[in-house]
Amino acid sequence: NKQITAVKLVLLGEAAVGKSSLVLRFVSNDFQENKEPTIGAAFLTQRCTIGDKTIKYEIWDTAGQERFQSLAPMYYRNAQAALVVYDVTKPKSFIKARHWVNELHEQASKNIIIALCGNKYDIVESEDNDASTENEDDDSRKRKVSVQEGQTLADDEGLLFFETSAKTGFNVNEVFTTIGKHIPEA
Ligand code: GTP
Ligand code: MG
């Protein structure tokens, strides 16, 4: 006789940071190298079991392109949780993430649970683990946002923080499971 808690969750972040890819990994355990940009928003659901509680995530995956930005409030209104996503190789996407965190704190539900996700960790993984010169002639494949910058923003703003990879699946389930643990009992 277990209860299922429905949780409205929204993804926000600059275009091409990997919002839809994180959702595809979470919902279908799949990845597409050439995922098409989202138009408007996409809606998906996925259940997540945490101990003896089951959460049904109702996921609004928004479009990051500028022209869709004015639609965002429709999707974060009443959301209980948000994933604010940036790309660890794109500093501009981290600036955008700060903007979304500020907007959520001003406009969204007071008790919204926000997870900050530094995505595309797979690209910088070898750079982090050894001083490998693998990507030395390709600046677009280098880390541009440090773990510390992400962690500091999260600490200052009261966010959960993860570096993730939709490509390898690194930390993707952990994001949703950790959010689930923070959802108050219905
Ligand atoms: P919009 O819908 O336009 O806002 O973009 P989005 O944030 O949904 O990005 P999307 O998931 O469409 O991914 C953009 C591109 O990045 C695609 O080519 C993905 O395959 C790629 N990508 C997404 N996540 C990752 C990742 O973790 N690692 C790598 N290497 N590539 C990724
Ligand atoms: Mg998308």
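Residues numbered from 1 in each chain as written. Chains lettered and ligands numbered in written order. Predicted model: local features only at pLDDT ≥ 70, side-chain atom pairs only at ≥ 80, totals over all residues. Heavy atoms only, no water.

Caption draft 1: Structural detail: the overall build of the chain. If you tally the helices and strands in the chain, you get six helices and six strands. From first element to last, N terminus to C terminus, the chain shows the α and β order β-α-β-β-α-β-α-β-α-α-β-α. A globule of 186 residues ought to have a C-alpha radius of gyration of about 16 Å, and the chain, at 16 Å, matches this closely. Projecting the C-alpha coordinates of the chain onto the three principal axes gives extents of approximately 55 × 35 × 35 Å. Burial analysis of the chain (186 residues in total) assigns 47% to the buried set. Put simply, of all contacts in the chain between residues at least 6 apart along the chain, 71% involve residues at least 24 apart. (Helix = DSSP H or I, 4+ residues; strand = E, 2+ residues; numbered from the N terminus. Rg over C-alpha atoms; globule rule 2.2 N^0.38 Å. Buried < 20%, exposed > 50% of the residue type's maximum accessible area, 1.4 Å probe, protein only. Contact = heavy atoms within 4.5 Å.)

Caption draft 2: Here's a closer look at the coordination of the magnesium ion (ligand 2). Coordination sphere of the magnesium ion (ligand 2), protein contribution only: S20 (OG) and T38 (OG1), at 2.1 Å. One end of the pair, S20, is in helix α1 (residues 19-28); the other, T38, is in the loop between α1 and β2 (41-50), with 18 residues separating them in the sequence. (Donors = N, O, S within 2.8 Å, 3.2 Å for Na, K, Ca; no water.)

Caption draft 3: Looking closely at empty space enclosed by the protein. Applying the stated criterion to the full structure yields one cavity of 30 Å³ or more. When its volume is computed, the largest cavity comes out at roughly 80 Å³. What lines the largest cavity is L12, G13, G40, T62, A63, G64, F68, Q69, L71, A72, K96 and W100. Those elements giving two or more residues to the lining of the largest cavity turn out to be β1 (4-13) and α3 (91-107). (1 Å grid on protein atoms, 1.4 Å probe; cavity = no way out; pocket = protein on both sides within 12 Å on 5 of 7 lines; lining within 4 Å. Points joined across faces, edges and corners; volume = space filled by probe spheres on them.)

Caption draft 4: Local environment of the site of ligand 1. Surveying the vicinity of ligand 1 reveals 25 residues, the closest of which are K19, S21, Q32, E33 and G64. At a separation of 2.6 Å, an oxygen atom of ligand 1 approaches a polar side-chain atom of S21. Within the backbone of A166, an N or O atom sits 2.9 Å from an oxygen atom of ligand 1. In this structure the site holding ligand 1 corresponds to the largest pocket. (Near = heavy atom within 4 Å. Polar contact = N/O pair within 3.5 Å; in protein donor to acceptor, adjacent residues only side chain to side chain. Sits in = over half its atoms within 2 Å of the grid points.)

Caption draft 5: Examining the environment of A15 more closely. Within the secondary structure, A15 is located in the loop between β1 and α1. Between the alpha carbons of A15 and Y86 there is a distance of 9.2 Å; along the sequence they are 71 residues apart. Leave out the neighbours within four places in its chain, and A15 touches G64 and Q65.

Caption draft 6: Representation of the nonpolar core within the structure. Ranked by internal contacts, the top residues of the largest apolar core, which has 27 residues, are Y76, V84, Y86, L104 and L116. Elements with a minimum of two residues in this core: β1, α2 (72-76), β4 (81-87), α3, β5 (113-119), α4 (121-129) and α5 (147-157). Here the element with the most residues in this core is α3; it accounts for five residues. Not counting the four nearest positions on each side in its chain, Y76 is found in contact with V10, L12, W100, E103, L104, Q107 and A108. Ranked by size, the runner-up nonpolar core spans 26 residues in total, among them F26, Y57, A81 and C117. (Core = buried A, V, L, I, M, F, W, Y, C linked by side-chain atoms within 4.5 Å.)

Caption draft 7: Spotlight on the packing of aromatic side chains. Scanning the model with the defined rule gives seven aromatic pairs in all. Here F26 and F176 contribute two aromatic rings whose centre-to-centre distance is 3.7 Å and whose plane-to-plane angle is 0 degrees, an arrangement assigned as stacked. Of this pair, F26 sits in helix α1 while F176 is found in helix α6 (residues 172-182), placing the two residues 150 residues apart along the sequence. Here F26 matches F176 in class, with each residue buried. Both rings, one in F43 and one in W60, keep their centres 4.7 Å apart while their planes meet at 45 degrees; by these two values the pair is tilted. Remark: W60 occurs in strand β3 (residues 53-62) and F43 occurs in strand β2; sequence separation between them is 17 residues. Overall, F43 belongs to the partly exposed group, its relative accessible area being 44%. We classify W60 as partly exposed; its relative accessible area is 26%. By the ring-pair criterion, three or more aromatic residues cluster together here, those being F26, Y57 and F176. (Phe/Tyr/Trp six-rings, centres within 6.5 Å; stacked < 30°, edge-to-face > 60°.)

Everything listed here is a matter of geometry and, on its own, says nothing about what the molecule does.
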